[in-house]
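Residues per chain, in single letters:
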Number of protein chains: 2
Amino acid sequence: MSVTAAAGFEAAGVEAGLKASGGLDVALVVNRGPRFDAAAVFTSNRAQAHPIIWSKQAIDDGVVTAIALNSGGANCFTGPQGFYVTHATAEHVAEILDISAGDILVCSTGLIGEPLPQEKVLAGMTAAATALSTTGGDDASRAIMTTDSKPKTVTATGTGYTIGGMAKGAGMLAPGLATMLVVITTDAAVASAELDRALRDATRVSFDRLDSDGCMSTNDQVSVMASGASGVTPEPQEFAALLTSVCNDLAEQLQADAEGSSHEIRIEVVGALSEDEAVVVGRSVARNNLFKAAIFGNDPNWGRVLAAIGTTDAAFDPYAVDVSMNGVRVCHAGAPDRSRDEVDLTGRSVHVLIDLATGDAEATILTNDLTHDYVHENSAYSS
Amino acid sequence: MSVTAAAGFEAAGVEAGLKASGGLDVALVVNRGPRFDAAAVFTSNRAQAHPIIWSKQAIDDGVVTAIALNSGGANCFTGPQGFYVTHATAEHVAEILDISAGDILVCSTGLIGEPLPQEKVLAGMTAAATALSTTGGDDASRAIMTTDSKPKTVTATGTGYTIGGMAKGAGMLAPGLATMLVVITTDAAVASAELDRALRDATRVSFDRLDSDGCMSTNDQVSVMASGASGVTPEPQEFAALLTSVCNDLAEQLQADAEGSSHEIRIEVVGALSEDEAVVVGRSVARNNLFKAAIFGNDPNWGRVLAAIGTTDAAFDPYAVDVSMNGVRVCHAGAPDRSRDEVDLTGRSVHVLIDLATGDAEATILTNDLTHDYVHENSAYSS
């Protein structure tokens, strides 16, 4: 049910001819109220697509009535005409739905630097507006897919309210944010300031800790809309926890569908001086191509883990570090421990546990291995 | 002639049984004087191998009489026994050659975390000392190879003196330094302080700007020894320039032999606010897996270049940047310019020119593409 699981929302996904491969490529998610609180976080890449520039202004007042999305083109580095397409999309949707363009977020995903055909987008939005329904969430989740092999949706139930969501993203998965489009909806009554706080807390420990290929997108956007249609005002901590679990669920779906990957790798860093340092260490390992290629080859090459840690400025003594892989401690105090041969990496799931033996802080980073298929998918002129 | 091109040096390369694949794996380079000035720079990885820890102490007084090298094992994270092997190697060579162990540098390369068999190393050093000759440079350059497909050597002639060198390195090629072992010799008379200055200046603009796969080694070491055997004291600027050209020549040989690569990519960043910022931008592009995979596929995907620039904190306006590939300006002022179809990337050599349009500083980073063969070579449990 995706973004239409929560009461007060309608959605649709239609085919507008934007994707060379065909299929659904324009989506609309509309909040019918009674409340219109919203929050959003955006890529920290300084090269930002036109829809990001637009949406950052639109979210400013914490009110959003609709989100217009398209795949088949990122509308990034497409010149003044590109910004006009984004602007026209919001104006067009506003006119059809009789709402304010300034309350509409726009999201685009696809190839950078290719013009987005305005007529097709606007015609797609018209068709999507006509198709809006309270069961349209699944179509919407399919319409935002690019190289994703399947749609990513989630539904979670709180005390008298629901949170639903959809996500796309399979490449350019990296922190701040993990290169994706995500729309989350809830029928809880939550003021925009609280939504914003909860969303930032949730993304910090979920999407921001997914680093599939170290490449940060120009189009990342995670939005949440609250309709209040359930009539329930949740206890803030409960809502924040449920929102975090929704984000974690979607982040794990993104990881599992990362382009060409054959392993999901969970890098757990413990014994760090601070949570920030644990994140830095985990990220450095997650971005080490030699380590990632070794995991692809089912090789528990802990030397590459230590070499990656050594490139950070986190507090640690290389000769105090322990490294375990799938439960086997292969390195103790910076020296060989149990045999690599005991480590079984033949499954998709890999757990790397790094104990820096310095403090009490910890963090976990999710990543993928570096595979032939990753190279293949990203060397073709298609994404 | 490699390290024995310059007068005053003897070298040898022998087979000691350290490499599973067989072949030469122990090398010795000896300075016969009359002068023994030396300088060295080391990896900036904080996880450092035992030979690095040893050599950093040995170079402290600027005097080196011999360098003992082995492939077939990095002797890194091998516990107290590992440091003892390094120590014993220097003591053993010192005894055979009747020199001081404190004047001997030790270099190791190969797999991290595997014990280096002491008896084989010492027996190899004995054999190498016996085989020392003024024509042994080529054997020495072969004995330090790991996944290199060929030895890397260089000879350059100054005004009455010679500089020669050898290098190994094909993976873990990244900045500070570019993950390698390099030995440079000269028969010029150059005091160690001047050697040190010249070497740091040279590596800063050569090896430090080679970033093949973003992975920094634990064993990098670049050493230079000056015998003074030519009787010539060169003009400092001429010597520095010649040393830089020697380092650049070896850096380009390393780039051309990078594991599994099918393109040599020269990323030239101009119009930067400072040289440091130009380096940061070039490095960010050089480390972007999506960009590197695109080049493998002969795809001039400039959007990925801009996305990589956007992750840095260098001064630039995304909508002022120009990007050219092999002479075709595909992006002007952050928008599409000439057609991608005009760009020919079928050759090995790729020139990416990025104009940040912000200042007058520039820098060039050398890198490689991300290929199936890179993944293959580094997923096998062998390096």
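Residues numbered from 1 in each chain as written. Chains lettered and ligands numbered in written order. Predicted model: local features only at pLDDT ≥ 70, side-chain atom pairs only at ≥ 80, totals over all residues. Heavy atoms only, no water.

The name given to chain A in an unreviewed UniProt entry is Arginine biosynthesis bifunctional protein ArgJ, with Rhodoglobus vestalii as the source organism. One UniProt comment on chain A, placed under Function (unreviewed entry), says "Catalyzes two activities which are involved in the cyclic version of arginine biosynthesis: the synthesis of N-acetylglutamate from glutamate and acetyl-CoA as the acetyl donor, and of ornithine by transacetylation between N(2)-acetylornithine and glutamate." (UniProt positions renumbered as here; feature names shortened; annotations may be inferred.)

So, on to the environment of A156 of chain B. All names here are of chain B. Turning to its location among the elements, A156 is positioned in strand β6 (residues 152-157). Looking at A156, the relative accessible area reads 12%, which means it is buried. In this view, A156 contacts Y161, T162, I163, L242 and V246; residues no more than four positions away in its chain are not counted. (Helix = DSSP H or I, 4+ residues; strand = E, 2+ residues; numbered from the N terminus. Buried < 20%, exposed > 50% of the residue type's maximum accessible area, 1.4 Å probe, protein only. Contact = heavy atoms within 4.5 Å.)

Residues and elements named next belong to chain A. Each assigned domain of chain A is listed with its residue range as follows: domain 1 (2-256) and domain 2 (264-379). Measuring from the centre of the C-alpha atoms in domain 1 to the corresponding centre in domain 2 gives 33 Å. Taken together, the contact pairs 15 residues of domain 1 with 18 residues of domain 2. With both sides pooled, the region where domain 1 packs onto domain 2 buries about 1300 Å², and carbon together with sulfur makes up 38% of that total. On the surface where domain 1 and domain 2 come into contact, there are two salt bridges. Ionic pairing is found between E252 and R266, a salt bridge with its closest N-O pair at 3.2 Å. If you look at where domain 1 meets domain 2, you find six residue pairs in polar contact (both at pLDDT 80 or more). It is helix α6 (residues 236-256) that provides the largest number of residues to the side of domain 1 that touches domain 2, a total of three residues. (Domains from an automatic or database assignment. Buried area = accessible area lost by both parts, 1.4 Å probe. Salt bridge = Lys/Arg side-chain N within 4 Å of Asp/Glu carboxyl O. Polar contact = N/O pair within 3.5 Å; in protein donor to acceptor, adjacent residues only side chain to side chain.)

For the rest of this paragraph, the subject is unusual backbone geometry. All names here are of chain A. In this structure, P34 follows G33 across a cis peptide bond, with omega equal to 15 degrees. Structurally, the position occupied by P34 is in the loop between β2 (26-31) and β3 (37-42). Despite not being glycine, F77 shows a phi value in the positive range, around 55 degrees. The residue F77 is located in the loop between β4 (66-70) and α2 (79-97) in this model. Within the chain, A357 stands out as a residue other than glycine whose phi angle is a positive 55 degrees. In this fold, A357 is placed in the loop between β14 (349-355) and β15 (361-368).

On to the sheet that holds strand β9 (residues 221-226) of chain B, then. Residues and elements named next belong to chain B. The strand order β3-β9-β8-β7-β6 describes an open sheet built from five strands, whose pairing is mixed. The outermost strands of the open sheet, each flanked by one partner alone, are β3 (37-42) and β6. Neighbouring strand axes in the sheet, compared pairwise and without regard to direction, differ in orientation by 10 degrees on average. The strands that helix α5 (residues 192-204) touches are β3 and β9; relative to β3, the one it contacts most, it runs at about 35 degrees. Packed on one face of the sheet, helix α6 (residues 236-256) meets β6, β7 (162-168) and β8 (181-186) and runs near 155 degrees to β6. (Pairing = 2+ DSSP bridges. Axes fitted to C-alpha atoms, helices over the stretch in contact; angles between N-to-C directions.)

Superposing chain A onto chain B takes a rotation of 180 degrees plus a shift of 0.0 Å along the axis, which leaves an RMSD of 0.0 Å. Look at the turn and shift together and you get a two-fold axis relating the two. Closest approach to the rotation axis within chain A is made by the C-alpha atom of H372 of chain A, at a distance of 2.6 Å. A share of 100% of interface residues in chain A that are also interface residues in chain B marks the association as one of identical surfaces. (Least-squares fit on C-alpha atoms with pLDDT ≥ 70 in both.)

Interfaces are often sized by the accessible area lost when the parts come together. Each partner contributes to the interface: chain A provides 57 residues, whereas chain B provides 57 residues. For the pair chain A and chain B, the summed buried area comes to about 4500 Å², and 60% of that belongs to carbon and sulfur atoms. Per-residue buried area on chain A facing chain B is highest for R46, F77 and L290 of chain A; these three make up 16% of the total on that side. Here chain A is connected to chain B by two salt bridges. Linking chain A with chain B are 10 residue pairs in polar contact (both at pLDDT 80 or more), by the criterion used here.

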